[in-house]
Amino acid sequence: VQLQASGGGLVQAGGSLRLSCSGSGRTFSGYVMGWFRQAPGMEREFVSSTTTNGDFTLYEESVKGRFTSSRDNTKNTLYLEMNNLKVEDTAVYYCAASVPNRYKSLRDQDRYTYWGQGTQVTVSS
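Quick look at the structure, then. Note that the coordinates shown come from a computational prediction; the quantities given were computed from them, not determined experimentally. (Residues numbered from 1 in each chain as written. Predicted model: local features only at pLDDT ≥ 70, side-chain atom pairs only at ≥ 80, totals over all residues. Heavy atoms only, no water.)

Looking at the pattern of salt bridges
- For the structure shown, the criterion picks out 4 salt bridges.
- As a salt-bridge pair, Asp89 and Arg37 come within 2.9 Å of each other at their nearest N and O atoms. With Asp89 in the loop between β8 (77–82) and β9 (91–98) and Arg37 in strand β4 (residues 32–38), the pair connects residues that are 52 residues apart, well separated along the chain. Judged on exposure class, the residue Asp89 and its partner Arg37 are both buried.
- Put simply, Arg37, Glu45, Arg66 and Asp89 are held in one network by salt bridges that share partners. (Salt bridge = Lys/Arg side-chain N within 4 Å of Asp/Glu carboxyl O. Helix = DSSP H or I, 4+ residues; strand = E, 2+ residues; numbered from the N terminus. Buried < 20%, exposed > 50% of the residue type's maximum accessible area, 1.4 Å probe, protein only.)

Below, the structure is given as structure tokens:
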């Protein structure tokens, strides 16, 4: 599957953005979909991961209650609704796809085979 992330931009602290990740191919619904982010000079880190049918999402602790991940398999699209953004949320955000794998954590970047190109989110104070 090929992934294309979009929706990033510049926003003030406290503002909102919605990221989208469009997937090609008819097998999008068969993938666990994750969001990751990488701030300047930092390692890429887990943000959230949503199961194939969207019935469960795991969130990184710092985004719980502010970010919501969802997916529309009829549109082959994953979303990340980000509210109450903070300066520390500034990063390049990536979406990624993984085949279901009960032996690996949803946080484990190694399980994600396909990655989008990233979209920049900048939060100003």
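Focus: the nonpolar core
- Membership of the largest hydrophobic core comes to 25 residues, with the highest contact counts inside it found for Met33, Trp35, Phe67, Leu80, Met82 and Tyr93.
- Of all the elements in the fold, those that place two or more residues in this core are β1 (3–6), β3 (17–23), β4, β8, β9 and β11 (119–124).
- Ranked by the residues each element gives to this core, the list is headed by β9, at 4 residues.
- If we skip the residues at most four places from it in the chain, Met82 touches Gly15, Ser16, Leu17, Leu19, Arg66, Phe67, Tyr93 and Val121.
- Val32, Phe36, Ala96 and Tyr112 belong to the second largest nonpolar core, which has 6 residues in total. (Core = buried A, V, L, I, M, F, W, Y, C linked by side-chain atoms within 4.5 Å. Contact = heavy atoms within 4.5 Å.)

Side note on the packing of aromatic side chains
- Counted by the stated rule, this structure contains 5 aromatic pairs.
- Taking the centre distance of 5.8 Å and the plane angle of 75° together, the rings of Phe36 and Phe46 count as edge-to-face. Placement of the pair is Phe36 in strand β4 and Phe46 in strand β5 (residues 45–50), with a sequence separation of 10 residues. Each of the two residues, Phe36 as well as Phe46, counts as buried.
- With a centroid separation of 5.0 Å and 75° between ring planes, the pair formed by Phe36 and Tyr112 is classed as edge-to-face. Placement of the pair is Phe36 in strand β4 and Tyr112 in the loop between β9 and β10 (114–115), with a sequence separation of 76 residues.
- Its relative accessible area of 4% is what places Tyr112 among the buried residues.
- An aromatic cluster is defined as three or more aromatic residues linked by ring pairs; in this entry it consists of Phe36, Phe46, Tyr112 and Trp115.
- Lying across the ring of Tyr112, Arg111 places its NZ or CZ 5.9 Å from the centre. (Phe/Tyr/Trp six-rings, centres within 6.5 Å; stacked < 30°, edge-to-face > 60°. Lys NZ or Arg CZ within 6 Å of the ring centre and 35° of its normal.)

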